[in-house]
Amino acid sequence: MKSVNEIVSIGPVIPVLTFESVEQGMHVAHALYEGGIKVLEITLRTAAGLRAIEQTLQLASDIVVGAGTLTTSTQVEKAKRAGAKFGVSPGLTSEIHEASQDVGLPLLPGVMTPSDILFAISLGYEIVKFFPAQQAGGLDMLQAFRGPFPALRFCPTGGITRELATSFLALPNVVCVGGSWLTPKTAIAEQNWTEMTCLARAASQIARPNTNTL
Ligand code: 3PG
């Protein structure tokens with residue numbers, strides 16, 4: 001089992017994916033993988049989520065599929081049973097933390113405020129999702145977090161574009177970013193898998209200049 005630290009080190013961008021069907025999930029995951037994306041977050045916001053996790057894991061031996069939008073212990077348990085390699089939650093509760101520990105699912109918990117961060121640190125987390133990143137202060141907020149929380153590393157997610165991703169990844173406390181810009185709604189509607197592969201290729205090549213300095 002890979003740790004969150006190992007998973008976030010695999011690539012600079014984790015696409016956040018919500019699928020209407022397993023078939024759609026397979027096409028999209030394959031397109032992104034062709035573009036160099038090895039780590040995916042599939043949300044449980046739709047009925048197809050869990051089965052899409054199960055199936056996309058079969059695409060390649062080195063694909064790492066996580067379950068996103070985990071808000072309850074039941075979802076954590078179902079995600080683990082579906083084979084998810086990690087979980088992502090928009091916020092952090094004792095329930096989600098304990099369920100993740102109990103089933104052995106590495107968790108990337110969401111935070112937005114200093115109090116959220118203190119809670120996450122008190123539970124032992126060293127890497128957290130900053131959500132919703134752009135809406136909650138973006139680059140300036142992450143810079144401000146460096147003072148009181150110098151050792152904490154972030155995966156900002158929410159409102160991030162290709163252009164913003166480069167700026168976020170240049171921050172010393174950012175290890176990777178999450179987002180849905182690799183799968184535009186129009187491309188999904190038109191089944192334009194090639195466009196997604198191109199977006200994935202560009203995303204997977206974004207530099208992370210500071211990753212090794214932490
Ligand atoms: C989400 O929860 O939907 C993710 O944070 C992705 O956000 P985005 O669609 O703004 O990239």
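Residues numbered from 1 in each chain as written. Predicted model: local features only at pLDDT ≥ 70, side-chain atom pairs only at ≥ 80, totals over all residues. Heavy atoms only, no water.

Draft legend 1. Structural context of the nonpolar core. In terms of nonpolar packing, the biggest core is built from 56 residues, with L32, L40, I53, L142, F154, V177 and W181 touching the most fellow members. Looking at this core element by element, the count peaks at 4 residues for helix α2 (residues 22–34). With residues up to four places along the chain from it excluded, the contact list for W181 reads V13, I160, T161, R162, A165, L199 and A203. Counting 13 residues, the second-largest nonpolar core is a separate cluster that includes V4, L108, C155 and C176. (Core = buried A, V, L, I, M, F, W, Y, C linked by side-chain atoms within 4.5 Å. Buried < 20%, exposed > 50% of the residue type's maximum accessible area, 1.4 Å probe, protein only. Helix = DSSP H or I, 4+ residues; strand = E, 2+ residues; numbered from the N terminus. Contact = heavy atoms within 4.5 Å.)

Draft legend 2. Layout of the packing of aromatic side chains. Counted according to the given criterion, the structure contains 4 aromatic pairs. Geometrically, the ring pair formed by F130 and F145 is edge-to-face, given 5.6 Å between the ring centres and 80 degrees between the ring planes. With F130 in strand β6 (residues 127–130) and F145 in helix α7 (residues 138–145), this pair connects stretches of sequence that are 15 residues apart. A residue is classified by how much of its surface remains accessible, and F145, at 3% relative accessible area, is buried. A ring pair is formed by F130 and F154, whose centres lie 6.4 Å apart and whose planes are at 75 degrees; its orientation type is edge-to-face. A residue pair is termed long-range when its members are at least 10 positions apart, and F130 in strand β6 and F154 in strand β7 (residues 153–156) qualify at 24 residues. Of the aromatic side chains, those joined through ring pairs into one cluster are F130, F145, F149 and F154. (Phe/Tyr/Trp six-rings, centres within 6.5 Å; stacked < 30°, edge-to-face > 60°.)

Draft legend 3. Geometry of the side chain of S73. Relative to the elements of secondary structure, S73 occurs in helix α4 (residues 73–82). Of the residues examined, S73 reaches a relative accessible area of 19% and is grouped as buried. The residues touching S73, leaving out its near neighbours within four places in the chain, are E95 and A99.

Draft legend 4. Local environment of the site of the ligand. The full set of residues close to the ligand is V16, R45, F131, T157, G158, G159, G179 and S180. The contact in question runs from an oxygen atom of the ligand to an N or O atom on the backbone of G159, over 2.7 Å. Within the contact set of the ligand, an oxygen atom lies 2.5 Å away from a side-chain nitrogen or oxygen of S180. About the coverage of the ligand: the protein hides 77% of its 310 Å² of free accessible area. (Near = heavy atom within 4 Å. Polar contact = N/O pair within 3.5 Å; in protein donor to acceptor, adjacent residues only side chain to side chain. Areas by Shrake-Rupley, 256 points an atom, 1.4 Å probe, with all protein chains shown as cover.)

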